[in-house]
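The residues making up each chain are set out below.
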Amino acid sequence: MAKSLSETVPERTFQYQNSLPPLPVPTLESSLNKYLDAVRPFASDGEFKATVDVVKKFKGGVGKELHQKLLQRAGAKRNWLEEWWLDTAYLEVRVPSQLNVNFGGPGPYLEHFWPPAEGTSLQRASIITWHTLQYWDLLRTERVAPHKANKVPLDMDQFRMLFCTCKVPGVKKDTIRNYFKSESEGPCPSHLVVMCRGRMFVFDALVDGQILTPPEILRQLSYVKERCEGEPEGDGVSALTSDDRTRWAEAREHLISIDPHNKTILETIQSSLFVISLDETKPYSTPENYTNLTVAALTGDPTIRWGDKSYNSISFSDGTFGSTCDHAPYDAMVLVSMCWYLDEQVRATEGKWKGSDAVRRMPPPEELLFTVDEKVVGDINHAKQQYLESTQNLQIVCYAFTAFGKTAIKQKKLHPDTFVQLAMQLAYFKLHHKPGSCYETATTRRFYHGRTETMRPCTQEAVDWCKAMVDPTPDVNSRRRAMLAAFDKHNSLMSEAQEGKGFDRHLLGLYLVAKEEGRPTPELFTDPLYSRSGGGGNFVLSSSLVGYTTVLGAVAPMVLHGYGFFYRIRDDRIVLSISAWKSSRQTDATTLFNNFSSSLHEMLHLATTSLL
């Protein structure tokens, strides 16, 4: 029997883009009911009654009008949220991005063929760069398989933002510049920028249309390193990207006004494939403790990273790797997908290059030299100083919990992600003796240009279970019943959020309709329970499952007295990075990790004993 055409022709990366459904708008009633449900754990009876009245008034009055306007917008756009989300979550934000918005993380290669080792960094960097360029080529030729969830295609648009993409600061609002093109769309920039000791160099990743081999890349990187070691440090202009957005925008305008050549250099950096950072530190890490590497990736030297670039590949001098990425153009799963590919390639080749050692003739890397004046030097120093102060305030731990992982949890017929989420809440509850408003990322990629929805894991069911765990009176069976009720509630909220039936983005939409029309802010959004339950970006626990791979990252907490909580789940372990601000006396990342570990043990025990 002849194979059907669809079986023989591989699917192209972007082939389903035009057939994805538009992002839906939930009904006003369902969103408001879910909202009331979500604020209940944070309210006294009196407060809750007052909020119920506010919601009722909103539903019958201004809310109804705003909802109608939102439906009109949704009728005219395939994704009513897309531009709004980019603006409110990222581009209009004025605090420095590099620490508050960017995500960074450790490379997993030290777990197998590339443990920390002196004198290996450039050779390994050339191999990892080569594999990264292969991934760029797969995207260019649309050979990255489209992602699916239960055979349903997911939106792949964010993958266009991984290479040749950069955020550009504006005085009031930033913009994203994207220069990537697939092969069928036309030519795409192919140059790489290398940063080292406050200096920047550029070279083309292609020679005669062919991607450079690792020995060729090694020659280019060695040239940069030798020049930087033998000559004075550079001006470190890239530190400007770590400052407050408006200050950086003004500094950038000044930089361009001094010399038009500076604008050409900025364009070269913006359009480059990605940035390679040659970092001279040695953040020693192990498979059980990735803390040093995660800290170095997220808070390292600002003069050798371009904070606004969608991908900075950081090569440390002990042969380990990390990355820092601007969060505006894409969500972490894009980088996770690529890094998982890189990890599999390094494993498959045992971290070696097995091809030819021949090096073709090519020009050496060219230095990008900005013209600077006293004002620019002052701006650079200001940026470095504020960056140093804020990075010193960030506490990050990144540890592996190795007692068990996905296998043991699934044997109990429980969902691994929900298991971790509930353990996190129990850990917080034990530490702070109250529920913490909590955000978990839910993906809405089954819709056109869908990104994320908020799933709020701190349900009344979860809080009731936490109380039962710290109260000595309930017996094992009632604790177990409470735990299973919390699991069920979490699982159903998560699947609803992924189906576009969450409520946070809907409420944001209603708020923005009011704002755009110049109306006063509806009372719903000024009610104390709105922010106490996490609304308006006030979640105390901001969390995300990074996946079931070897790739992990970290982000700073959303609020001063909060935590960032990011994790990956393997068969035999759970690896997590927790961030907190040192200036908050109430929070401590290490204590939360220790409480989390004991909570995991308690939960597995509970799932085991009550089955007897």
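All values reported here derive from a predicted model rather than from experimental measurement.

## A short note on the overall build of the protein chain
Counting secondary structure elements, the protein chain contains 20 helices and 19 strands. The C-alpha atoms of the protein chain give a radius of gyration of 25 Å, which matches the 25 Å a tight globule of 612 residues would have. Dimensions along the principal axes, computed over C-alpha positions, put the protein chain at roughly 75 × 70 × 60 Å. A burial count over the protein chain gives 59% of its 612 residues as buried. Counting every atom, the protein chain has about 24,900 Å² of accessible surface; 53% of that belongs to carbon and sulfur.

## Remarks on the sheet that holds strand 15 (residues 438–443)
One open sheet accounts for six strands, arranged 14-19-18-17-15-16; its pairing is mixed. Each having just a single partner strand, strand 14 (394–401) and strand 16 (452–455) make up the two edges of the open sheet. Each strand axis lies, on average, 25° off the axis of its neighbour in the sheet, ignoring direction. Sheet strands in contact with helix 17 (residues 476–498) are strand 15 and strand 16, and its direction is about 50° off that of strand 15.

## Section: the nonpolar core
Most often, soluble globular proteins have nonpolar side chains that are buried together. Counting 82 residues, the largest nonpolar core has Phe 419, Trp 465, Leu 507, Phe 565, Ile 574, Ile 578 and Phe 596 as its most contacted members. Discounting residues that sit within four places of it in the chain, Trp 465 has contacts with Leu 422, Leu 426, Arg 479, Ala 482, Met 483, Ala 486, Met 603 and Leu 606. Listed in part, the 68 residues of the second largest apolar core include Tyr 109, Cys 196, Ala 296 and Phe 316.

## Focus on the packing of aromatic side chains
The final tally for this structure, using the stated rule, is 24 aromatic pairs. Ring geometry for Phe 103 versus Tyr 330: centroids 6.0 Å apart, planes at 70°, classification edge-to-face. On the criterion of sequence distance, the pair formed by Phe 103 in strand 1 (residues 103–106) and Tyr 330 in the loop between strand 12 (321–325) and helix 12 (332–348) is long-range, its members being 227 residues apart. With 5.9 Å between their ring centres and 75° between their planes, Trp 248 and Trp 306 make a pair best called edge-to-face. Remark: Trp 306 occurs in the loop between helix 11 (291–299) and strand 11 (312–316) and Trp 248 occurs in helix 9 (residues 245–258); sequence separation between them is 58 residues.

## A few points about the pairing of strand 1
What you see with strand 1 is no split at all: Phe 103 and Gly 105 on one side and Gly 104 and Pro 106 on the other are buried throughout. Summarising the sheet, strand 1 and strand 12 pair through four bridges and their orientation is antiparallel. Counterpart to Phe 103 in the pairing with strand 12 is Cys 325.

## Some points on the sheet that holds strand 10 (residues 275–279)
Strands sit in the order 1-12-11-10-6-7-13 across an open sheet of seven strands; the sheet is mixed. Since the sheet does not close on itself, it has two edges, and those belong to strand 1 and strand 13 (366–367), each with one partner. Where strand 7 (residues 199–204) and strand 13 come together, two bridges link them in antiparallel fashion. By the bridge assignment for strand 13, Phe 201 is matched with Glu 367. Strands in contact with helix 7 (residues 121–140) are strand 6 (191–196), strand 10, strand 11 and strand 12; relative to strand 12, the strand with the most contacts, it is inclined by about 50°. With respect to the sheet, helix 8 (residues 214–230) is in contact with strand 6, strand 7, strand 10 and strand 13, its orientation differing from that of strand 7 by roughly 160°.

## What to know about the UniProt feature "transmembrane region" (unreviewed entry) in the protein chain
Under the feature "transmembrane region" (unreviewed entry), the UniProt entry names residues 545–566. The straight-line gap between the two end C-alpha atoms of residues 545–566 is 6 Å; of that span, 0% is helix and 32% is strand.

## A word on the packing of helix 3 (residues 45–60) against helix 4 (residues 62–76)
Running from N to C, helix 3 and helix 4 point in directions that differ by 50°, and their axes come no closer than 3 Å. Regarding the angle of helix 3 to helix 4, the classification is oblique. Residue-level inspection shows Phe 58, Lys 59 and Gly 60 of helix 3 in contact with helix 4, the latter providing Val 62, Gly 63, Lys 64 and Leu 66. Grouping the constituent residues of the contact of helix 3 with helix 4 by class yields three nonpolar, two polar and two charged.

## Describing the environment of Pro 528
Relative to the helices and strands, Pro 528 is located in helix 19 (residues 528–532). Judged by relative accessible area, Pro 528 falls into the exposed class, the value being 52%. A sequence separation of 481 residues divides Pro 528 from Glu 47, and the C-alpha atoms of the two residues are 9.0 Å apart.

## Considering the domain arrangement of the protein chain
When the parts come together, some accessible area is lost, and that loss is often what is quoted as the size of the interface. By the assigned domains, the protein chain splits into domain 1 (35–76 + 402–607) and domain 2 (96–393). A straight line from the C-alpha centre of domain 1 to that of domain 2 covers 32 Å. In this complex, domain 1 contributes 26 residues to the contact, which on the side of domain 2 involves 39 residues. In total, domain 1 and domain 2 occlude about 2,300 Å² of area from one another, counting both sides; carbon and sulfur atoms represent 52% of this. Looking at the side of domain 1 facing domain 2, the largest losses of area belong to Arg 445, Arg 451 and Thr 550, adding up to 31% of the total buried there.

## Examining the packing of helix 17 against helix 20 (residues 589–609)
For the pair helix 17 and helix 20, interaxial distance at closest approach is 10 Å and the crossing angle is 110°. The angle between helix 17 and helix 20 places the two elements in the roughly perpendicular class. In the crossing of helix 17 with helix 20, the sense of the turn from one axis to the other is left-handed. On the side of helix 17, the interface is formed by Val 476, Arg 479, Arg 480, Met 483 and Phe 487, while helix 20 contributes Met 603, Leu 606, Ala 607 and Thr 609. In the contact of helix 17 with helix 20, the residues fall into six nonpolar, one polar and two charged.

## Some remarks on unusual backbone geometry
Note on backbone geometry: most residues besides glycine have negative phi, and most peptide bonds are trans. Look at Lys 151: it is not a glycine, yet its phi comes out positive at around 70°. Looking at the secondary structure, you find Lys 151 in the loop between strand 2 (148–149) and strand 3 (152–153). Its identity is not glycine, yet Glu 350 carries a phi of approximately 55°, on the positive side. Turning to its location among the elements, Glu 350 is positioned in the loop between helix 12 and strand 13.

## Observations concerning the state of the cysteines
The term disulfide refers to a covalent linkage connecting the sulfur atoms of a pair of cysteines. Taken as a whole and judged by the stated rule, the model has zero disulfides. The cysteine Cys 166 is free of any disulfide, with Cys 164 supplying the nearest cysteine sulfur at 11 Å. The closest cysteine sulfur to the non-disulfide-bonded Cys 325 is located on Cys 339, 7.3 Å from its own sulfur.

## Points about the environment of Thr 521
Turning to its location among the elements, Thr 521 is positioned in the loop between helix 18 (504–516) and helix 19. For Thr 521, a relative accessible area of 43% translates into the label partly exposed. With ten residues separating them along the chain, Thr 521 and Tyr 511 place their C-alpha atoms 7.2 Å apart. The contacts of Thr 521, once residues within four sequence positions are left out, are Tyr 511 and Thr 526.

Definitions and limits used
- Residues numbered from 1 in each chain as written.
- Predicted model: local features only at pLDDT ≥ 70, side-chain atom pairs only at ≥ 80, totals over all residues.
- Heavy atoms only, no water.
- Helix = DSSP H or I, 4+ residues; strand = E, 2+ residues; numbered from the N terminus.
- Rg over C-alpha atoms; globule rule 2.2 N^0.38 Å.
- Buried < 20%, exposed > 50% of the residue type's maximum accessible area, 1.4 Å probe, protein only.
- Areas by Shrake-Rupley, 256 points an atom, 1.4 Å probe, with all protein chains shown as cover.
- Pairing = 2+ DSSP bridges.
- Axes fitted to C-alpha atoms, helices over the stretch in contact; angles between N-to-C directions.
- Contact = heavy atoms within 4.5 Å.
- Core = buried A, V, L, I, M, F, W, Y, C linked by side-chain atoms within 4.5 Å.
- Phe/Tyr/Trp six-rings, centres within 6.5 Å; stacked < 30°, edge-to-face > 60°.
- UniProt positions renumbered as here; feature names shortened; annotations may be inferred.
- Parallel < 35°, antiparallel > 145°, perpendicular 65-115°, else oblique.
- Nonpolar A, V, L, I, M, F, W, Y, C, P; charged D, E, K, R; others polar.
- Domains from an automatic or database assignment.
- Buried area = accessible area lost by both parts, 1.4 Å probe.
- Left-handed = near helix turned anticlockwise from the far one by under 90°.
- Disulfide = S-S within 2.5 Å.

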